Amino acid sequence: MQIFKFGGASVKDANAIKNLAVVLKTVGFKNTMVVVSAMGKVTNAFEVVISNYFNKKSALQSSIQDIIKFHNEILFDLFDPDGYRDENHPAFKKVKLLFNELNNFLKVNKSPNYSFVYDQVVSYGELVSTTIISDYLNSIGIKNNWVDTRNFIKTDNFYRRANVNWEETQSAISSSLNTSALNITQGFLGSDPNNFTTTLGREGSDYTAAILAYCLNAQSVTIWKDVPGVLNADPRHFENAQLLNKISYKEAIELAFYGASVIHPKTLQPLQQKEIPLYVKSFLNPEEAGTTVGKGITLEPDTPCFIVKKNQVLISLSSLDFSYIVEENISEIFGLLHQHKMKVDLIQNSAISFSVCIDNIYNNLESLLQQLKAKFSVTCHENVSLYTIRHYNTSSIEQLEANKTVLLKQLTQETVQVITK
């Protein structure tokens, strides 16, 4: 079995969905599971809905209507090409039912837990996208089953970044999934022990593909992107990005850990365990080779790889009495970081100071700083950028630091990290 994953950019409008069908026809879809994200920037639009639900009820329905209108336009383009705007096609009814479900949830929900509400709401992006795509493919003769991934990927209730229960997931997939058919399912989603929807973290659809591949002993995973494959730098932030033809699992895990956006950080581990190759290819040129990620492959070409994480927070701590920062202090600091759900991207310490670069995903920074200031002298820089270069050389560092204020730099044998303002 093979697993294909299509992200938001690959299904952003009706033409993109038609192109998805072209890709399937071009490369073949026998014994295939297709994992699909929400369309375009729909997850961002649902985040506006959630914000309005908690903070601006008067704008709630208009923000939902914007999303409904966006999907309806795609439905009209796919199922009503003559422009009669006829909503009698079953796909319209299925999508309408999903949005009715969403509105009912928002009416009856009593939970004040933002992360819980987030997962129940944003999940409709994937549910709607896969419903539309499945119906469209069936309508043009590509027969498939629409599969609710929440019935198969079982997790804990750590909403917005749920942890997979591998044993239950494997059992559900082995006992219930029809692997002989073309299946269309959602990325990013799972369900907790009470069958509430969970999500696996932003950009978690790649991880979904890897989970399914692991449990199905898949032949391969292909991630279809709007770039030729894995590049040595994000072309949105760096000039002259190069295609990496081949990468080892280890190198891909390193790049993902440091924030390379083309592969989700959790994706590689399950694939590596069963030595399932990962291909990253262009949905615009599906017959090109793209990038192969596998076992025992050296980096080709051997070139510096650049990664940037924007909107980070650099916190520098020193002891109030100039005593050493030792194990006891560091343990307490990490306890607070964990308590406030901070993602740590870099640490550096000396005898009397400790610096940490974090991603304030859950907006708990103020609470964290208050607790840290009770025991430490604290300096905080918000909205900093964390740059990482794998396989660096002198010229690559000089290129990176040009015209920037460097707040912190850290070098190891293979990697340099630089925090700039």
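Right above here is the structure, for reference.
Quantities reported herein were computed from a predicted structural model and do not represent experimental measurements. (Residues numbered from 1 in each chain as written. Predicted model: local features only at pLDDT ≥ 70, side-chain atom pairs only at ≥ 80, totals over all residues. Heavy atoms only, no water.)

Draft legend 1. Fine view of the sheet that holds strand 15 (residues 406-411). Spatially, the 6 strands line up as an open sheet ordered 12-13-11-14-16-15, and their pairing is antiparallel. What marks the edges here is a single partner per strand, and that holds for strand 12 (343-349) and strand 15. Averaged over all adjacent pairs, the angle separating strand axes in this sheet is 30 degrees, with direction ignored. Across the sheet, helix 10 (residues 327-339) touches strand 11 (305-319), strand 12, strand 13 (353-359) and strand 14 (376-390), and the angle it forms with strand 13 is around 15 degrees. (Pairing = 2+ DSSP bridges. Helix = DSSP H or I, 4+ residues; strand = E, 2+ residues; numbered from the N terminus. Axes fitted to C-alpha atoms, helices over the stretch in contact; angles between N-to-C directions. Contact = heavy atoms within 4.5 Å.)

Draft legend 2. The arrangement of helix 2 (residues 42-55) in detail. With 14 residues, helix 2 should cover 20 Å at 1.5 Å per step; its first-to-last C-alpha distance of 20 Å lies within 8% of that length. Of all the residues in helix 2, the buried ones are Val42, Thr43, Phe46, Val49, Ile50, Asn52 and Tyr53. For helix 2, the elements touching its buried residues are helix 3 (60-79), helix 4 (90-108) and helix 5 (114-139). (Expected span 1.5 Å × (residues − 1). Buried < 20%, exposed > 50% of the residue type's maximum accessible area, 1.4 Å probe, protein only.)

Draft legend 3. Fine view of the sheet that holds strand 4 (residues 183-186). With mixed pairing, the 8 strands of this open sheet are ordered in space as 3-4-2-1-7-9-10-8. Each edge of the open sheet carries a strand with a single partner, namely strand 3 (145-146) and strand 8 (246-248). In terms of strand pairing, strand 2 (residues 32-36) meets strand 4 through 4 bridges, oriented parallel. Within strand 4, the residue paired with Met33 across the bridge is Asn183. Strands strand 1 (2-6), strand 2, strand 4 and strand 7 (220-225) of the sheet are contacted by helix 7 (residues 205-216), whose axis makes an angle of about 170 degrees with strand 1.

Draft legend 4. Structural context of the pattern of salt bridges. With the rule as written, the count across this model stands at 11 salt bridges. In this structure, the salt-bridge partner of Asp135 is Lys94, at a minimum N-O distance of 2.9 Å. Taken together, the residues span a long stretch of sequence, with Asp135 in helix 5 and Lys94 in helix 4 at a distance of 41 residues. We note a salt bridge from Glu275 to Lys295, for which the minimum N-O separation is 2.9 Å. A residue pair is termed long-range when its members are at least 10 positions apart, and Glu275 in the loop between helix 9 (268-273) and strand 9 (278-282) and Lys295 in the loop between strand 10 (291-294) and strand 11 qualify at 20 residues. A residue is classified by how much of its surface remains accessible, and Glu275, at 46% relative accessible area, is partly exposed. Among the ionic contacts, a cluster of salt bridges with common partners joins Lys309, Lys343 and Asp345. (Salt bridge = Lys/Arg side-chain N within 4 Å of Asp/Glu carboxyl O.)

Draft legend 5. Focus on the side chain of Asn232. For Asn232, the position within the fold is in the loop between strand 7 and strand 8. Note on Asn232: relative accessible area 5%, which makes it buried. For Asn232, the side chain forms a polar contact with the main-chain nitrogen of Gln242, separated by 2.6 Å. Side-chain polar atoms of Asn232 contact the backbone oxygen of Pro304, separated by 2.9 Å. Setting aside its immediate chain neighbours within four residues, Asn232 contacts Asn240, Ala241, Gln242, Leu244, Thr303, Pro304, Cys305 and Phe306. (Polar contact = N/O pair within 3.5 Å; in protein donor to acceptor, adjacent residues only side chain to side chain.)

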